[in-house]
Amino acid sequence: MAGPAATRPHVLLLGDASARPYGLERALGRAGFQVHEATSAADHFALQDGPDIAVVSAQEADAALGTLLQALNAAWGGQVPLVAVLASPDREGPARALGLGADDALASPVHLPELAARVEARSRRRPRPADRNGNGRIQETMLDLLELSRAGRCTGELLGSLVRRLGRALSGWEASFVEIGESDAAIPRVLAGPEGDASNELRLEVERYPEVAEALRTGRPVVVPDVQTDPLFEAERRRWAYEGAESPVRAVAAFPLPVGERLLGVLLLRSQQASARLSPGEEAFATGVAHAAARLLDADRRHTAQAAYTAANGKEAADPLTGLPMPPRLDQRVLEEAERARRYSLTFSLVLLDVDDQAARNDRLGRPAGDRLLAELAQLLQREVRASDFVARYGGDEFALVLAETGASGARDLVHRLRHRIGVESFGGLPPGERVQVAAGVVAFPHPAVDQWPDLLVLLEAALRRGKAQSEERIGIAE
């Protein structure tokens, strides 16, 4: 029988050692943990499948902490809980740390028994290695990523590092990361490839890459061992024959970059070797790298959006049509409510409202009438919710509500009340008697499927889709 040490959870201490509370290692040891301190990049992966939990210390919740958290989440596939410990007494620091990628966060002064209890609770939720994908190669691949992130390198350089690692790990294959834009009309661009980091001018004609088109259509990996015989490339083979060109590749593969149910692009692998094949282990390896790249790209998009939505004087710009806060401020509010709910054992709910047939209404009445409806609807929502609640514009015809200290049942009741109020309102610009209807999605926190606050938005969007598919109540609840 294995001794007690074999079953003790392993805690990895990393980050700024000078920011750690005095006696942290001793307190964790007394609480029953094996404690290891990372002194180099390799130490981050010294344990097979990663530690049970990592405690990341920093002076404050700044960009450097965010880069480190992002790299660690990518390296361990988001499976190792990260607890941020801040030396700064700033009360807003933990909320910022959660937004940067931490699973839990505390600010100075840190009560060590509370920290040990949080570490213990988090470590219990970590999936066991048998439940996780991969054979450890993904962690070796992330060593370059971690070193670059700690040096403050940009996302393009991080993806370029992954491309180089893939080229060394998958003999005979060339790798590229292809990003799809957030609008349907956007042309995919190559972010990083075998020739190095790409510029925004390098675009990809999807019709010439059937494997990319199929991966984006299905959301599943596409592996074609022989483009000369695979039906997917039939049209391309005819094109090559017409152009009198030889096949540029012999084997291809495309692995989607998923964030929730959204796809941000694909990891594209191509080989000119007739004998090139991907083993099941190599396919799992490529999938892990694709998921890590998706998290990097999503974090970069959110950072870019936040910068775009923030005015030069540091104040947040409001949506010009409705006057409501925009998605970056919504993210911040959700993060703040999640931290408050965790700290004080409270609950809160998110509601996503979608205006029915708004696109058809714009076509029928004109865009100005549709915009006027959205602006007036925004004012109605602000009047009908409590002062402690929060309303933001989520998308073109969608509005998000954050309901403090409200469970799923209370949120559903509010949706019914709002729907009645909207149904009797006469909105300017609409024909007499025309009524507006909305579908809704609801998710309450805490939720068993939520480990990090962005998971709430993924559940919320899925709940809205269920609500829109219903024929009666049309309120989807993330049970």
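For clarity, every value in this text was computed on a predicted model and none was experimentally measured.

Novice: Before we move on, can you summarise the overall build of the chain with the specific residues and values?
Specialist: Within the chain one finds 14 helices and 16 strands. Buried positions account for 47% of the 479 residues belonging to the chain. Across the chain, contacts joining residues at least 24 apart in sequence account for 66% of those joining residues at least 6 apart. For the chain, the exposed area adds up to about 22700 Å²; of that, 49% sits on carbon and sulfur atoms.

Novice: If you had to explain helix H7 (residues 210-218) to someone new, which residues and values would you point to?
Specialist: Turn by turn, an α-helix covers 3.6 residues, leaving residues three or four places apart pointing in a common direction. Buried residues of H7: Pro210, Glu211, Val212 and Ala215, and no others. In this fold, the buried residues of H7 make contact with strand S9 (222-224), helix H8 (234-243), strand S10 (251-259) and strand S11 (262-271). Of the residues one or two after H7, glycine 219 is the one with positive phi, at around 75 degrees.

Novice: Explain the layout of surface pockets to me, and be specific about the residues and the numbers.
Specialist: Of the pockets and cavities examined, the second largest pocket occupies roughly 470 Å³. Around the second largest pocket, the lining comprises 18 residues; the ones closest to its centre are Arg91, Pro94, Glu339, Arg343 and Tyr344. Only helix H3 (93-100), strand S5 (104-107) and helix H10 (327-344) provide two or more residues apiece to the lining of the second largest pocket. Among the elements that take part in the lining of the second largest pocket, H10 stands out by supplying six residues, more than any other. Residue composition of the lining of the second largest pocket, grouped by class: seven nonpolar, two polar and nine charged.

Novice: Summarise the side chain of arginine 270; cite the residues concerned and give the values.
Specialist: With respect to the helices and strands, arginine 270 occurs in strand S11. Given a relative accessible area of 17%, arginine 270 falls into the buried group. In this structure the side chain of arginine 270 is engaged in a polar contact, spanning 3.2 Å, whose partner is the side chain of glutamate 211. Apart from the residues lying within four places of it in its own chain, the contact partners of arginine 270 are Gly172, Trp173, Glu174, Tyr209, Glu211, Val249, Ala251 and Val252.

Novice: Go over the environment of arginine 239, please, and point to the residues and values.
Specialist: Assignment of secondary structure puts arginine 239 in helix H8. The exposure class of arginine 239 is partly exposed, given its relative accessible area of 30%. Leave out the neighbours within four places in its chain, and arginine 239 touches Glu207 and Arg208.

Novice: Go over the sheet that holds strand S15 (residues 438-445) with me, naming the residues and quoting the values.
Specialist: With respect to topology, five strands assemble into an open sheet ordered S13-S14-S12-S15-S16, the strand pairing being mixed. Edge strands, defined here as strands with exactly one partner in the open sheet, are strand S13 (390-393) and strand S16 (475-477). Recorded for the sheet is a direction-independent mean angle of 20 degrees between the axes of neighbouring strands. Summarising the sheet, strand S12 (residues 348-355) and strand S14 (residues 398-404) pair through seven bridges and their orientation is antiparallel. Note that in S14 the partner of serine 349 across the bridge is leucine 403. Where H10 meets the sheet, it contacts S12, S13, S14 and S15, and its direction lies at approximately 25 degrees from that of S14.

Novice: Just give me the short version of the pattern of salt bridges, but keep the residues and values in it.
Specialist: The tally for this structure, following the rule as stated, stands at 27 salt bridges. With its nearest N and O atoms 2.9 Å apart, the salt bridge here joins arginine 343 to glutamate 339. Placement of both arginine 343 and glutamate 339 in helix H10 is noted, with a separation of four residues, approximately one turn of the helix. For glutamate 339, a relative accessible area of 7% translates into the label buried. Look at the salt bridges and you will find they share partners, linking Arg208, Glu236, Arg239 and Glu243 into a network.

So, how was this worked out
- Residues numbered from 1 in each chain as written.
- Predicted model: local features only at pLDDT ≥ 70, side-chain atom pairs only at ≥ 80, totals over all residues.
- Heavy atoms only, no water.
- Helix = DSSP H or I, 4+ residues; strand = E, 2+ residues; numbered from the N terminus.
- Buried < 20%, exposed > 50% of the residue type's maximum accessible area, 1.4 Å probe, protein only.
- Contact = heavy atoms within 4.5 Å.
- Areas by Shrake-Rupley, 256 points an atom, 1.4 Å probe, with all protein chains shown as cover.
- 1 Å grid on protein atoms, 1.4 Å probe; cavity = no way out; pocket = protein on both sides within 12 Å on 5 of 7 lines; lining within 4 Å.
- Points joined across faces, edges and corners; volume = space filled by probe spheres on them.
- Nonpolar A, V, L, I, M, F, W, Y, C, P; charged D, E, K, R; others polar.
- Polar contact = N/O pair within 3.5 Å; in protein donor to acceptor, adjacent residues only side chain to side chain.
- Pairing = 2+ DSSP bridges.
- Axes fitted to C-alpha atoms, helices over the stretch in contact; angles between N-to-C directions.
- Salt bridge = Lys/Arg side-chain N within 4 Å of Asp/Glu carboxyl O.

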